[in-house]
Amino acid sequence: MKNIKYLIIFCLCYSPLNIKAQTQFPLYENGIVPGAILTNILNDTLHGKSWLTGNDTTIIKARTIMPTLTVFRPDAGKNNGIAVLICSGGSYRNVADVQEGIPAAKKLSENGITAFVLHYRVPRSDLMENKTTGPFQDVQKALQFVRENAEKYQLDKNRIGIMGFSAGGHLVSSICTHPGDIYINNPKHTNLRPDFMVLVYPVISFADSLTHQLSRQNLIGPDITPELVAKYSNELHVDANTPPTYITSAIDDDIVKVQNSLLFYAALEQAKVPSNIFLYTKGGHGFGINNHTAEQQWIDPCLQWIIKGTWKMAIQ
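Residues numbered from 1 in each chain as written. Predicted model: local features only at pLDDT ≥ 70, side-chain atom pairs only at ≥ 80, totals over all residues. Heavy atoms only, no water.

**Some remarks on the overall build of the chain**
Secondary structure summary: the chain contains eleven helices and eight strands in total. Expressed as a percentage of its 316 residues, the buried residues of the chain come to 56%. For the chain, long-range pairs separated by at least 24 residues make up 77% of all intrachain contacts whose partners lie at least 6 apart in sequence. Surface exposure of the chain reaches about 14,000 Å², of which carbon and sulfur atoms provide 52%. (Helix = DSSP H or I, 4+ residues; strand = E, 2+ residues; numbered from the N terminus. Buried < 20%, exposed > 50% of the residue type's maximum accessible area, 1.4 Å probe, protein only. Contact = heavy atoms within 4.5 Å. Areas by Shrake-Rupley, 256 points an atom, 1.4 Å probe, with all protein chains shown as cover.)

**Overview of the pairing of strand S5 (residues 160–165)**
The element S5 is largely enclosed, with a buried count of six among its six residues. Alternating positions in S5 separate into two faces, Ile160, Ile162 and Gly164 on one and Gly161, Met163 and Phe165 on the other, with burial throughout. Where S5 lies against strand S6 (residues 197–200), four bridges are found, and the strand directions are parallel. Residue pairing in the sheet places Phe165 in a bridge with Val200 of S6. As a crossover connection, the stretch from S5 through helix H6 (residues 167–177) into S6 is right-handed. (Pairing = 2+ DSSP bridges. Right-handed = clockwise from strand over helix to strand, strands pointing away.)

**Observations regarding the pairing of strand S8 (residues 275–280)**
Where strand S7 (residues 245–250) lies against S8, six bridges are found, and the strand directions are parallel. Its bridge partner being in S8, Thr248 is matched across the sheet by Phe278. Note on the crossover from S7 through helix H9 (residues 259–270) to S8: the handedness is right-handed.

**Details of the pattern of salt bridges**
The full count for this structure, using the stated rule, is five salt bridges. Across the pair Arg124 and Asp126 runs a salt bridge, and its minimum N-O distance is 2.9 Å. We note a salt bridge from Arg147 to Asp195, for which the minimum N-O separation is 3.3 Å. With Arg147 in helix H5 (residues 133–148) and Asp195 in the loop between H6 and S6, this pair connects stretches of sequence that are 48 residues apart. The two residues Arg147 and Asp195 agree in class, both being buried. (Salt bridge = Lys/Arg side-chain N within 4 Å of Asp/Glu carboxyl O.)

**Here we look at unusual backbone geometry**
Note that the residue after Gly221, namely Pro222, is joined by a cis bond; omega there is 5°. Looking at the element boundaries, Pro222 is found in the loop between helix H7 (213–220) and helix H8 (226–231). A positive phi angle is found at His189, which is not glycine, with a value near 55°. By the secondary structure assignment, His189 is in the loop between H6 and S6.

**With respect to the packing of aromatic side chains**
Working definition: an aromatic ring pair is given by the centre-to-centre distance plus the angle between the planes. In this structure the tally under the stated criterion is twelve aromatic pairs. When the centroid spacing of 6.1 Å and the interplanar angle of 40° are considered together, the rings of Phe206 and Tyr232 count as tilted. Linking Phe206 in the loop between S6 and H7 with Tyr232 in the loop between H8 and S7, this pair joins segments that are 26 residues apart in sequence. Among the residues examined, Phe206 registers a relative accessible area of 0% and is labelled buried. Of the residues examined, Tyr232 reaches a relative accessible area of 6% and is grouped as buried. Through pairs of rings, three or more aromatic residues link up here, namely Phe165, Tyr201, Phe278, Tyr280 and Phe287. (Phe/Tyr/Trp six-rings, centres within 6.5 Å; stacked < 30°, edge-to-face > 60°.)

**Describing the packing of H5 against H6**
H6 packs onto H5 with a crossing angle of 70° between their chain directions and a minimal axis gap of 10 Å. Considering their axes alone, H5 and H6 lie roughly perpendicular with respect to each other. Where H5 crosses over H6, the handedness of that crossing is right-handed. Residue-level inspection shows Pro135, Phe136, Val139, Gln140 and Leu143 of H5 in contact with H6, the latter providing Leu171, Ser174 and Ile175. (Axes fitted to C-alpha atoms, helices over the stretch in contact; angles between N-to-C directions. Parallel < 35°, antiparallel > 145°, perpendicular 65-115°, else oblique. Left-handed = near helix turned anticlockwise from the far one by under 90°.)

**Side note on the side chain of Thr114**
Secondary-structure assignment places Thr114 in strand S4 (residues 114–119). Leave out the neighbours within four places in its chain, and Thr114 touches Val71, Phe72, Arg73, Pro74, Asn79, Ile82, Ala83, Val84, Tyr153 and Leu155.

**Focus on H7**
The α-helix winds at 3.6 residues per turn, so residues separated by three or four positions along the chain end up facing the same way. Those residues of H7 that fall on the buried side of the exposure criterion are Ser215, Arg216, Asn218, Leu219 and Ile220. Viewed along the axis of H7, the buried residues span an arc of 170°, placing them on a single side of the element. Structurally, H7 contributes buried residues whose contacts are with H5, H6 and H8. (Arc of directions from axis to C-beta.)

Structural data, given as structure tokens:
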């Protein structure tokens, strides 16, 4: 039974998944994850070591501590050279790839965009030395991978964007508004700033009156200081170097207040950063790429914004 369990972990986390040009692989080579308390999961798994408790949570924890990338490539002849790295939401507790990242990736690839779904590590004090830095390391490592493998995937290095849903939107906007915070080794000085950003009902602020409490608690709790709140309230850190941004949210969202999106959009406008916002009257939270309460979907004009390069032309 133990050997079967390790085989399942290996298949879930480390083996390539090839379905219609989809490929999944570990984000970090050789299974060595920086800052992880369990530093070489792949090696321990292959040698049958009980690197966790050996109970039924082993597989779940393996997915938590070992980040992966899943690449969705366009059909032959449709590749337009654009790439988007996708970070699903989940309150910094889970990663909702099935509901958000994967449907978005399929839609992007159908439209000629190469999509990379990042199953990033969620903050876990029991599994990483500094739980706050883990997700940010993974995003920067994924951006580094995409840029350094642009030729392999037939990508334009100047058209690599990032998309984040909910707490994934906080993760993405943090990376884009704190470009000086580098969490990984970067010997080639690869550009870790995305060329554009898409935020879907994002958590933006950590201020008491605006934040999604669970996301804030999971990332920086339990000792939440005014300094940490200010640092991770991304509306306070927008400047002229923030990437062009497309935002969507529903006004009736009772989980992540729409004011998060509105404040970020206002900050972008003040900094003269090219930006678009698509608001729904209804839809709540977590609608992904398809708000069933509306006829027009945000993803369609967003795709045009990305593909036509409106964001790029605006900053030239």
